[in-house]
Amino acid sequence: MGNTDYPGKILYGNYSAALTAHVEKHIDRLAAFDRTLIPVIPYLCAWQDPENVIWYEFAGRRFCDLMGCPATELADIFRKCIVERRVYEGLQASGPSAPAGAGEGLVAAVYKVQLPDGEVVWLKDQAVVTAFARDRIHVSSGCLTIVTREMEAEEALENTRHMLKEKARDLNLARKIQEENAARLAGAVKQVDAARKEAEKANKAKSEFLAVISHEIRNPMNGIVGTCDLIMAEDLSRQQAEYLEIFRSSALSLLGLINDILDFSKIEAGKLEFQEIAFDIRDVVEEVSDIFLEMISRKHLELVVDVDPEVPAQVIADPTRLRQVLINLISNALKFTRQGEIVIRVEPVRRENGVIELGFRVTDTGIGIAPEHFDYLFESFTQINGMETHEYGGTGLGLAICRQIVEMMNGTIGVDSYPGQGSTFYFKVPVRFKENSEANFGSGRALVAMENRSGRQALARLLGSWGMGVTACGSASLAVDRFLEAHGVSPYSLVMMDMGLPDIGDPEISEGLTSMIQSADLSIALTRMGKNEDLSRSVDLGFTRSMTKPVKQSIMKDVVQHVFGSAGRSKAASVKAPKKAPSFPSARVLLVEDNSINLKIGSKMLCMAGVAVDTAQNGLEAIEKVQKNDYDAVLMDIQMPHLDGIEASRVIRRQFSKIRLPIIAMSAHAGADHWKACLEAGINDYIRKPVSRNVLFTVLNRQIGPGRKLPVSQVSPQALPPSIHPAADTNVLEGLDIRAGLERLGGETQIYADILTDFCETYDGFHREMEALLGQSEFNRAADLSHSLKGASGNVSATALFESAKALELACRQKQKKDFLPLLAQVRSAYETVCRSAGRFCEQVRLQKSDEPKNASLSAPDDTNQDMAALLQSLMGSLNQCDPVLSETLVREMAPRIQNTWQKEMDQLTHAVKNYQFDDARKYVTMLIKKAGG
């Protein structure tokens, strides 16, 4: 016992031989054990009953290394470091191997120990405890095993169980609150209870339960998000706005989590349904890209939509499921991309027997994925390991849902990626299709200037497919160089330029830029969403059109076709002569619109198609008229005071079915969420403002039903005054798209001139009113006023003013005070330009009318008075019927026949009819009837 490496009281005290031998025997065995490679920590310790103080006879190298102290200090340090101790078995009766006069038992315990360096470890202790009664000594001989991972997993499991219990309680509470869903929830609980009794059906029962209550869970979450949006629209302090934004973003994250889990459950339960309908794949891709535009803009990324021109215009499949897959893939790309671009590419892979396999690719410049993760990337609840990806969050279900949907559509899905080099997620699905009608705009030349290479190539490919020769470059200076090289030889008829080009503001190329833009038949500025400076720059440079990136192919095609026609025909030749609009006296439509200019334009359009029109200026008035009169359809503006179109439609739908009374929404918004709200309110169809005459008639054809086919005609060039023929210099009428305005009104120049005059008079005080509202911080009212100007300017085809008012409305709603004055000045400038052009247009129309030969029969005063009296009687009848369209038609017919002495009353009558002041109008008609001797 001369070994001084392990000093202890037993070795130097007066103890029994049995105790001494027991200690020596175990020290020799444990010392040998300590020299092995077995990953355990041997020890031998003892304590005396009166003292109850532990000391160590043997503390191996591993124990001392772990605690970072010599054996002499081990007892005190180890005792102080113990955070928690769990004993699983206590001292038992004497065993056959115990020394004479000693009792023996087993003990198992687990210690949670915080080491001196701060690290926390768990040690499992398995030892034999021998009690020597004579010496009042207990000797423990055993081994410690590090079980940190196992114990942490056990604690995590326990925490998870606790969290799940808490979540279960929360869900139960939410279920109680939803009283109207009690019956469904009770049925779902019964289904779950029944499924639990059959172990083999447990997973399916779980999935069915979640699929049934998906709507119930989403509803309160959508209510939370919607309430946050409503509150955030009010004037709040900065801190309140921050708190609400945290609340809203958390609710949206939770809603996304719920949606992923429930969609996955629907797939597992076999309740995911697919439909087969015809749709334009470009519309689906562009709608999806619109969802992410705000987030793309916030992260300063470039979004490119590249649909191959060979992709059919009409395919037959399930657009909802394709949209769901694209949203998941783009959301993933956006999540893992901090800079660069996201490209959505659609291309045909192969065609046969009326079926085309479409290939979709979503490419990003994000963090990338290592190839070893590809095999399980599309598995359920799978996320790539590593802190770099965990920071982005997610459920690990999105890609699994994509795989399931694509495979259920008989397609395949995969990924190409490498760490740090971005990712490309791709999938292919077979769909039935209809052949394209090929577009060809002749041999014109186009110049495209975009810094982003992918976007530049996509535009060049699209324009090339339309028969145009395309030159593409990556800077404004290069564009000017290409223009100067081609000038006088083969000039560019179309110029498209990104307003975000770094050198676009270079003063050295400003003269060349201006010349290039002015020489083109069509110049289009490509702007970034939310960048008001892009719009201002495009106006300053003189671009005739502006489009938000990524460019929508359908809009682009319409614009190019409008200017260049088909197969390179001239502008005048490309426009067909109008068809004679038949009369539909049995069709009666209620037009609901709060903006007087929009109301007048809509009434004119319908009147030209022979539709009898009744009007209402808010939702409450619309409900009253629907209850009192019979209508074939209702055209419902969505954003109105007192009661908006959504709520009014809900009320109307309680009394009338969709078949009995179609409701057609009119709104400047075109998002999926907006359309979804319309559907839920019982609305049949949707027209985006400003309302196109052709689109309006197409929708009416669809909704009013067989037997009432309304005409869809275009404007004849002969309908325009010679001085404003399409071939004329459009700079004379800056700010107004005369052709589009006349198309909307069937080529009626006088009606268009009257509406332009009303427009300028109506919004004459706009800027003063806006300045007053902004000065009083009445941002919501200012936004509503800007919205009114935006809608009216769109309907009169004042494109630049429309874009300026749109930007001002957005700034007001977002309370971007620094942008108010520049945008208001921009609106004022655009408005004044429109009014100047409108004045010149009206003068040209007046001069044209004055050159027309007068009817000789009108020269006789008696005949004139008789005709006038008949017209006045007809006008009185139309005023009594509150028919604005017929009333204005009669007033226009009376105007050239009026005597000079009646001009004052006639002017007052005209003003009253134009502003729907029917009581005043009847008073002036009575005065004129007396003068006419009626």
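Just so it is clear, the model here is predicted, and its values are computed rather than measured.

Draft legend 1. Representation of the overall build of the protein. Counting its regular elements, the protein contains 33 helices and 23 strands. Long-range contacts, defined as pairs at least 24 residues apart, comprise 66% of the intrachain contacts of the protein with a sequence gap of at least 6. Carbon together with sulfur atoms contributes 51% to the accessible area of the protein, which is approximately 46,500 Å² in total.

Draft legend 2. Representation of the sheet that holds strand β22 (residues 663-667) in the model. A sheet is described by the order of its strands in space; here 5 strands give the open sequence β20-β19-β21-β22-β23, paired in parallel fashion. Among the strands making up the open sheet, the edge pair consists of β20 (612-616) and β23 (685-688). Within this sheet the neighbouring strands show an average axis-to-axis angle of 20°, counted without direction. With respect to the sheet, helix α20 (residues 619-628) is in contact with β19 (588-592), β20 and β21 (633-637), its orientation differing from that of β20 by roughly 135°. Sitting on the sheet, helix α21 (residues 645-655) touches β21 and β22, and the angle it makes with β21 is about 155°.

Draft legend 3. Inspection of the packing of helix α32 (residues 903-914) against helix α33 (residues 918-932) at higher detail. Remark: α32 packs on α33, axes separated minimally by 8 Å, with the N-to-C direction vectors making an angle of 150°. Considering the angle they form, α32 stands roughly antiparallel to α33. Between α32 and α33 the crossing geometry is left-handed. Counting all contacts with α32, which are made through E905, M906, Q908, L909, A912 and V913, the residues of α33 involved are D920, A921, Y924, V925, M927, L928 and K931. Taken together, the residues of the contact of α32 with α33 break down into 9 nonpolar, 1 polar and 3 charged.

Draft legend 4. Quick peek at the sheet that holds strand β15 (residues 469-473). Taken in spatial order, the 5 strands of this open sheet run β15-β14-β16-β17-β18, and their pairing is parallel. Strands at the two margins of the open sheet, each flanked by one partner only, are β15 and β18 (545-548). Each neighbouring strand pair of the sheet contributes to a mean axis angle of 20°, computed without reference to strand direction. Taken together, the 4 bridges between strand β17 (residues 522-527) and β18 define a ladder with parallel strand orientation. Paired with A525 across the strands is S546, a residue of β18.

Draft legend 5. Region of interest: α21. Listed in full, the buried residues belonging to α21 are G645, I646, A648, S649, I652 and R653. Taken around the axis of α21, the buried residues stretch over an arc of 160°, which confines them to a single face.

Draft legend 6. Broad picture of the pairing of β22. Burial of β22 is extensive: 5 of the 5 residues sit out of reach of the surface. Residues I663, A665 and S667 line one face of β22 and the alternating positions I664 and M666 line the opposite face, and both faces are buried. Direction of pairing for β21 relative to β22: parallel, over a ladder of 4 bridges. From the neighbouring strand, M636 faces β22, where its bridge partner is A665. You can see the chain leave β21, run along α21 and come back into β22, and the turn it takes is right-handed. Sheet analysis places β22 next to β23, joined by 4 bridges and oriented parallel.

Draft legend 7. View of unusual backbone geometry. Residue P550 follows K549 across a cis peptide bond; omega there is -5°. Structurally, P550 is set in the loop between β18 and α18 (553-564). Backbone geometry at S797 places phi at a positive 65°, although glycine is not the residue there. Looking at where S797 falls in the secondary structure, it is placed in the loop between α27 (779-795) and α28 (799-813). Relative accessible area serves as the criterion here: at 4%, S797 is assigned to the buried category. Positive phi outside glycine occurs at K815, with the angle close to 55°. Following the sequence through the fold, K815 ends up in the loop between α28 and α29 (820-851).

Draft legend 8. Layout of the packing of helix α19 (residues 596-608) against helix α25 (residues 749-762). Contact geometry of α19 with α25 gives a least axis separation of 10 Å together with a crossing angle of 165°. The pairing of α19 with α25 is recorded here as roughly antiparallel in orientation. Once α19 is placed against α25, the crossing between them reads as right-handed. Within the contact between the two elements, α19 uses S596, I597, K600, I601, K604 and M608 and α25 uses I751, I755, D758, F759 and T762. Across the contact of α19 with α25, the residue classes break down as 6 nonpolar, 2 polar and 3 charged.

Draft legend 9. Region of interest: the confidence of the model for the protein. Chain-level statistics for the protein give a pLDDT mean of 77 and a share of 75% at 70 or above. Here helix α12 (residues 387-390) stands out as the element of the protein with the lowest mean pLDDT, 45, in contrast to strand β11 (residues 355-364), whose mean of 94 is the highest. Taken as a whole, residues 1-7 scores under 50 in pLDDT and shows 13 contacts with residues more than four places along the chain or in a different chain. Every residue in residues 854-863 is under pLDDT 50, and counting partners more than four places away or in other chains gives 5 contacts.

Draft legend 10. How the structure looks around the pattern of salt bridges. Summed over the entire model, instances satisfying the criterion amount to 30 salt bridges. Note that D308 is salt-bridged to R345, the shortest N-O span being 3.0 Å. Of this pair, D308 sits in the loop between β8 (302-307) and β9 (314-317) while R345 sits in strand β10 (residues 341-352); the two residues are 37 residues apart in sequence, bridging distant segments of the chain. The class for R345 is buried, based on a relative accessible area of 14%. A single network of salt bridges, built from pairs that share partners, joins D306, D308, R345, E347 and R461.

Draft legend 11. Fine view of the nonpolar core. Counting residues in each nonpolar core, the largest one holds 65 residues, and the members touching the most others are L635, L696, F759, F766, M770, L801 and F841. Each residue touching F759, except ones within four places of it in the same chain, is listed here: I597, L789, A792, S793, V796, L801, Y831 and V834. Residues V305, L334, L358 and V406 belong to the second largest nonpolar core, which totals 46 residues.

Draft legend 12. Structural view of the packing of aromatic side chains. The final tally for this structure, using the stated rule, is 8 aromatic pairs. Here the aromatic rings of F78 and Y111 are separated by 5.7 Å at their centres, their planes lie at 70°, and the arrangement is edge-to-face. Taken together, the residues F78 in helix α4 (residues 71-81) and Y111 in strand β4 (residues 102-114) connect sequence positions 33 residues apart. Residue F78 shares its accessibility class with Y111, and that shared class is buried. Plain terms: the ring middles of F779 and F820 are 5.5 Å apart, the flat faces sit at 45° to each other, and that makes the pair tilted. Separated by 41 residues along the polypeptide, F779 in helix α27 and F820 in helix α29 bring together distant segments of the chain. Judged by its relative accessible area of 5%, F779 falls in the buried class. Grouped by ring-pair contacts, the aromatic residues Y43, F63, F78 and Y111 constitute a single cluster.

Draft legend 13. Inspection of the side chain of S649 at higher detail. Of note, S649 is situated in helix α21. Owing to a relative accessible area of 0%, S649 belongs among the buried residues under this scheme. With near-sequence residues (within four places) excluded, S649 lies in contact with M636, I663, A681 and I683.

Draft legend 14. Local environment of the pairing of β20. Taking burial as the measure, the 5 residues of β20 include 4 buried ones, the bulk of the element. Across 5 bridges, the pairing between β19 and β20 is parallel. Looking at β20, one finds that L591 is bridged to T615. The handedness of the β19 to β20 crossover, carried by α19, is right-handed.

Draft legend 15. Just the environment of A333, in detail. With respect to the helices and strands, the residue A333 is situated in helix α11 (residues 319-335). Exposure remark for A333: the relative accessible area of 2% places this residue in the buried category. In sequence terms A333 and F425 are 92 residues apart; their C-alpha atoms lie 8.9 Å from each other.

Draft legend 16. Main features of α19. The end-to-end C-alpha distance of α19, which contains 13 residues, comes to 18 Å, matching closely the 18 Å that a straight helix rising 1.5 Å per residue would cover. In terms of burial, α19 is a largely internal element, 11 of the 13 residues being buried. Those residues of α19 lying buried are I597, N598, L599, K600, I601, G602, S603, K604, M605, L606 and M608.

Criteria and cut-off values
Residues numbered from 1 in each chain as written. Predicted model: local features only at pLDDT ≥ 70, side-chain atom pairs only at ≥ 80, totals over all residues. Heavy atoms only, no water. Helix = DSSP H or I, 4+ residues; strand = E, 2+ residues; numbered from the N terminus. Contact = heavy atoms within 4.5 Å. Areas by Shrake-Rupley, 256 points an atom, 1.4 Å probe, with all protein chains shown as cover. Pairing = 2+ DSSP bridges. Axes fitted to C-alpha atoms, helices over the stretch in contact; angles between N-to-C directions. Parallel < 35°, antiparallel > 145°, perpendicular 65-115°, else oblique. Left-handed = near helix turned anticlockwise from the far one by under 90°. Nonpolar A, V, L, I, M, F, W, Y, C, P; charged D, E, K, R; others polar. Buried < 20%, exposed > 50% of the residue type's maximum accessible area, 1.4 Å probe, protein only. Arc of directions from axis to C-beta. Right-handed = clockwise from strand over helix to strand, strands pointing away. pLDDT = per-residue confidence, 0-100. Salt bridge = Lys/Arg side-chain N within 4 Å of Asp/Glu carboxyl O. Core = buried A, V, L, I, M, F, W, Y, C linked by side-chain atoms within 4.5 Å. Phe/Tyr/Trp six-rings, centres within 6.5 Å; stacked < 30°, edge-to-face > 60°. Expected span 1.5 Å × (residues − 1).

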